[in-house]
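Next come the chains, spelled out residue by residue.
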Amino acid sequence: MTTYDDLRIKVGRRPITVVELDLDFCNNLYGSSPCTASVGVTGTQECFNCFATCQDTANFDRGTKTYKFTEANSFLPIGETIYPCITSVDIAPTQLKPGAFSVSASVTVALQDFPHHDRGVDPYWYLRFYNPIEQGTFFGKLRARNPNVANRVMRVKTGYVDADRTVYTLTRTYFIDRIEGPDASGRVKIVGKDLLRFEEIAKTKVPKLPTAFLDITIGTAPTTVNVTPSGAGANYETSGRLAIDEELVDYTRSGDTFTITARNREATTAAVHAAGTPVIDVFPNTSGAKKIVLNIKNLLLAAGIDSSYIPYSAWETECDTYISPFASETAVAAPESVKTLIEEMLEEFGCSLWWDELDAQLKFKVLSTGASATASLNDTEHILKGSMVVKTLEKERITRVQINYGILKKGALPNSVSTLTRDTENTSISRLYIDTAAENPNLYGGSIQKTIVSRWLSYNAHLVSGNQVQKIADRYLARYVPSIREVSFSLDAKDSTIRTGNVIEITSRMLQAFDGTQSPVKFIVTEFREVVPGSHYKYTALELPA
Amino acid sequence: MSSARIGYDNLLEQAVIVVASSENSDFPVQNTYDWLTSDYFKPALSGTVNITATLASPKTADYFAFFGHDLYNHGGTIKLQWWNGSAYVDCFAAVTPTDNTPQFITFTAQTATIWRVVITCTSVFSLAVLSFGAQLTLERGMYLNWTPPPLGRATELVNSISDGGAFLGRSIIAKGVKTTLELQYASDAWVRTYWPAFVRHAEQKPFFFVPDAVGQPLEVVYCWAEDDIPAPKHTHYGFMGVSIPIRGMVE
């Protein structure tokens, strides 16, 4: 049985690109129960099974309809409605950016509009009082019927057509950002983005802005108190931790009634809180150390990201290999954007988070130098002629790492809510790690410092699992003390199983040793771009010091 | 007359009503005569499916053509019948396609108001283009320096060569076939009688073209004018000529 990989390595393969849009489409039939619409009563003609034309919105049953497009190609599968109107597909891949959100993947599809008979699109085409092919255009009508397309799923499938016209593809999943056009020349542009570009991640604040306020003044003992306005309690968890003025308390909740079960948590000071004081949910909402991947996951869920895109057990495995589960403990009591909070963790612990559009999942990786290579490449068998470029990233070098941490203090040291923000003044511990050899005059001859201010590293992180603070510094120094090289090169489709985040070894005449020999050099792939769909792939990779 | 034939007259388009005995509502029978290869007719069930076209008045047909199908994957046969007033009569014996090459079948001209395409399949098939009607026979065939459609393959090749000089792979993007439809030494009378109607069709829609229906009956192309259609010119006294660049599909 033929597979995608069989065709990928075949000489004379036939590439194909298919773009799919999943747009909203009502599962009901016009006028049939539960739809109560009726021509002459609710409208002058039947709807188009989309919300913008719905005549009984209360019974709109949102499903999806998939529209497929491809490039002009005379060798297409038979029996599938695929509109051959794509003029170009530009896939901008995810760029792995150590210590921050990846540069997001996106795709721009250019298409040419065309007249269309509406068969297969409008379920009631045969009832219309006009001839659809003589009225409007495909995309003109599609946009009018679907004014809200943001965040709907789109897929870009690149692959090959077999001799029997069966299509075998790799699927990249994106979310529609916008559809532009058709313009005066009939050109249409569809832009897709990856999950990490959802505006909700930047806009969502954690903890939430307070919406509930104490209805009475409370004293310093555990107590039960109601909040106002009525119903505001529902915006809070049923149990967890609250910040009230400068104090942290634990609570359980039923309706608008909060039972404060413990006062002065984390060595904050129990105090009187006046009626009308806002109550703020704290993140994380329980005490104790938390794995950073658990924090990241909970923040993404708070931003509305579907859990199916988060392969949490794989994240946990990667995280546990390098980062102690006890290394992180904090309390965030002032609302910050989810994006900011996650980026802090990625930088402070030396990790990456990116959208893998091929697996349709968010991937997590600790940027360690210890990973083993999954593929070996060389000039003769893999790297395409004239494609290899090597450059040295001098500006990335560092020789020392200063880490300030311990914002949530432990032991007898007091905490207050206003000092839980990410500020050097609020940290209680500072450690400096220096690669003295690198600062020798025969090497750099100077110091280049990276300073990390962490609200996430726990107060006692230096005591956990062989000093977690030093491990973070060591990871940074191991990666950035030597000369960092970045390579870009192209591969044929036969070698395109290499993906973003993979560790590879390259043997090339452009990576010579002292004596001119070519020894394998280890790199991590930071970008993977399909420049000629189905044929040529361009890679960018960052050196991993031995 | 030569053996070069064009099939553009389509009685399905002219019918008052076209009905399929079985139809998947997402793939209605109207998809067979919109000349598009990107949408298909599919029956709801396998077995025998009749597509019946009823005309307002009797019309003549002497060709039957189809393209864009997978009948060969579903044990399919296809034939055309005309209604003689009391029964359906086969225009030709049922054809059993073995691949997706365009097929152009000529038969003794018949005139009728009701026509029926009969398709028999062991499983549900897909069919993009059906056409039957009066064929246009050119006065003369193609001339020297002309490329038969199946040999005019238009492809885009992408080669992969390694930095060390090794051949690593190749991709082929099929762009169909390119050739020309040559009308040479056509009499003034023939051009004035037949050419304008064809041009009006070809300006809008594809058509079937068989350069040599006698010598190479299987060399059929489903094609369309690639650019503006040039006007015929007097090349010799009493004769006109024109060359139309066409692009099409042969598989």
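In case you missed it, the structure is sitting above this.
Parameters at a glance
- Residues numbered from 1 in each chain as written.
- Chains lettered and ligands numbered in written order.
- Predicted model: local features only at pLDDT ≥ 70, side-chain atom pairs only at ≥ 80, totals over all residues.
- Heavy atoms only, no water.
- Contact = heavy atoms within 4.5 Å.
- Buried area = accessible area lost by both parts, 1.4 Å probe.
- Salt bridge = Lys/Arg side-chain N within 4 Å of Asp/Glu carboxyl O.
- Polar contact = N/O pair within 3.5 Å; in protein donor to acceptor, adjacent residues only side chain to side chain.
- Helix = DSSP H or I, 4+ residues; strand = E, 2+ residues; numbered from the N terminus.
- Buried < 20%, exposed > 50% of the residue type's maximum accessible area, 1.4 Å probe, protein only.
- Disulfide = S-S within 2.5 Å.
- Pairing = 2+ DSSP bridges.
- Axes fitted to C-alpha atoms, helices over the stretch in contact; angles between N-to-C directions.

Comments concerning the interface of chain B and chain A
1) Next: Taken together, the contacts link 38 residues of chain B with 37 residues of chain A.
2) Next: Counting each side, the surface lost to burial between chain B and chain A is near 2,900 Å², with a carbon and sulfur contribution of 51%.
3) Next: Our count for the chain B to chain A interface comes out at 3 salt bridges.
4) Next: A salt bridge links Asp163(B) to Arg509(A); the shortest N-O distance between them is 2.9 Å.
5) Next: Summed over the shared surface of chain B and chain A, the number is 23 residue pairs in polar contact (both at pLDDT 80 or more).
6) Next: Among the secondary structure elements, those contributing two or more residues to the side of chain B that touches chain A are β3 (47-69), β9 (153-161) and β10 (167-187) of chain B.

Quick notes on the environment of Leu21(A)
All names here are of chain A.
1) Next: Turning to its location among the elements, leucine 21 is positioned in strand β1 (residues 15-26).
2) Next: For leucine 21, a relative accessible area of 0% corresponds to the buried category.
3) Next: Distance in space between the C-alpha atoms of leucine 21 and threonine 66 is 5.4 Å, their sequence separation being 45 residues.
4) Next: Among residues more than four places away in sequence, those in contact with leucine 21 are Lys65, Thr66, Tyr67, Phe69, Val153, Met154, Ile176, Ile179 and Ile190.

Considerations on the state of the cysteines
All names here are of chain B.
1) Next: Within the structure shown, the criterion is met by 0 disulfides over all chains.
2) Next: Unpaired in this structure, cysteine 121 has its nearest cysteine sulfur neighbour in cysteine 91, at a distance of 19 Å.
3) Next: A relative accessible area of 5% means that cysteine 121 is categorised as buried.

Brief notes about the sheet that holds strand β11 (residues 239-244) of chain A
Residue and element names in this part refer to chain A.
1) Next: Pairing within the closed barrel is antiparallel, and its 6 strands lie in the order β9-β10-β13-β12-β11-β14. Across the sheet, the mean angle from the axis of one strand to that of its neighbour is 45 degrees, orientation sign disregarded.
2) Next: Bridge analysis of strand β9 (residues 212-214) against strand β14 (residues 278-281) gives 2 bridges, and the strand direction is antiparallel. Of the residues in β14, the one forming a bridge with alanine 212 is valine 279.

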